[in-house]
Amino acid sequence: MTNDIPLQDVSGTKIFETYEQKFKAIADQKRLQIMNILTIKGEMCVCDLAPLMDMKQSKLSYHLKILLDANIVKKETKGTWSYYSLNQEEINHLLSAELCCLFRPSC
């Protein structure tokens, strides 16, 4: 019987991949604008968000999917409509000291 010791990824590859996905998601002016609107207005349906963005619902849904996949926004379905809101926990995490500590050895 062997006791396998779980190996830690000391290279940071996994955490870097996670942050890469999140920063790619927010590295777009339209998606930043969506995030800003959701910050100000709170939970919104695509049908209400589209006119504010001056964007077709299909294109808006594309951008929301990217933000959703990166866990930047949350989606709640009510009947036939999907409502999106900013995932404040994730935003706080992206702006956290944890991320800063990856690049500041004195943390």
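Look a little higher up for the structure.
These remarks concern the structure in this document. A quick note: this is a predicted structure, and the numbers were derived from the prediction, not measured. (Residues numbered from 1 in each chain as written. Predicted model: local features only at pLDDT ≥ 70, side-chain atom pairs only at ≥ 80, totals over all residues. Heavy atoms only, no water.)

## Digging into the sheet that holds strand S2 (residues 73-78)
No. 1: The strand order across the open sheet formed by 3 strands is S1-S3-S2, and the pairing between neighbours is antiparallel. Each edge of the sheet is formed by a strand with only one pairing partner; in this case those strands are strand S1 (44-45) and S2.
No. 2: Sitting on the sheet, helix H2 (residues 29-41) is in contact with S1, S2 and strand S3 (81-86), with an inclination near 90 degrees to S3. (Pairing = 2+ DSSP bridges. Helix = DSSP H or I, 4+ residues; strand = E, 2+ residues; numbered from the N terminus. Contact = heavy atoms within 4.5 Å. Axes fitted to C-alpha atoms, helices over the stretch in contact; angles between N-to-C directions.)

## Re the pattern of salt bridges
No. 1: Inspection of the entire model under this criterion finds 4 salt bridges.
No. 2: Where Glu20 meets Lys24, a salt bridge forms, and the shortest distance between an N and an O atom there is 3.5 Å. You can see Glu20 and its partner Lys24 sitting in helix H1 (residues 13-26), 4 residues apart, about one turn around the helix.
No. 3: The residue Lys78 makes a salt bridge to Glu43 at a minimum N-O spacing of 2.9 Å. You can see Lys78 sitting in strand S2 and its partner Glu43 sitting in the loop between H2 and S1, a full 35 residues away along the chain. (Salt bridge = Lys/Arg side-chain N within 4 Å of Asp/Glu carboxyl O.)

## A look at the nonpolar core
No. 1: Core analysis: the biggest nonpolar cluster contains 23 residues, and Ile34, Leu49, Leu60, Leu67 and Ile72 have the highest contact counts within it.
No. 2: Where this core is concerned, the elements lending two or more residues are H1, H2, helix H3 (46-53), helix H4 (57-69), S3 and helix H5 (88-94). (Core = buried A, V, L, I, M, F, W, Y, C linked by side-chain atoms within 4.5 Å. Buried < 20%, exposed > 50% of the residue type's maximum accessible area, 1.4 Å probe, protein only.)

## Digging into the packing of H2 against H3
The description of two helices packed together rests on the angle between their axes and the distance between the axes.
No. 1: Two elements in contact, H2 and H3, have axes separated by 11 Å at closest approach and are oriented at 120 degrees. With respect to their mutual orientation, H2 and H3 come out oblique. H2 and H3 meet at a crossing whose hand is right-handed. Across from Lys30, Gln33, Ile34, Ile37 and Lys41 in H2, the residues of H3 making contact are Leu49, Leu52 and Met53.
No. 2: Among the residues making up the contact of H2 with H3, the classes are represented as 5 nonpolar, 1 polar and 2 charged. (Parallel < 35°, antiparallel > 145°, perpendicular 65-115°, else oblique. Left-handed = near helix turned anticlockwise from the far one by under 90°. Nonpolar A, V, L, I, M, F, W, Y, C, P; charged D, E, K, R; others polar.)

## Section: the packing of aromatic side chains
No. 1: Taken as a whole and assessed by the stated rule, the structure comprises 1 aromatic pair.
No. 2: Each ring, one from Tyr19 and one from Phe23, has its centre 6.2 Å from the other, and the planes form 25 degrees; the classification is stacked. Placement of both Tyr19 and Phe23 in helix H1 is noted, with a separation of 4 residues, approximately one turn of the helix.
No. 3: Among the residues examined, Phe23 registers a relative accessible area of 37% and is labelled partly exposed.
No. 4: Positioned over the ring face of Tyr83 is Lys78, at 5.0 Å from the centre of the ring. (Phe/Tyr/Trp six-rings, centres within 6.5 Å; stacked < 30°, edge-to-face > 60°. Lys NZ or Arg CZ within 6 Å of the ring centre and 35° of its normal.)

Any functional reading would require information beyond the geometric quantities listed.
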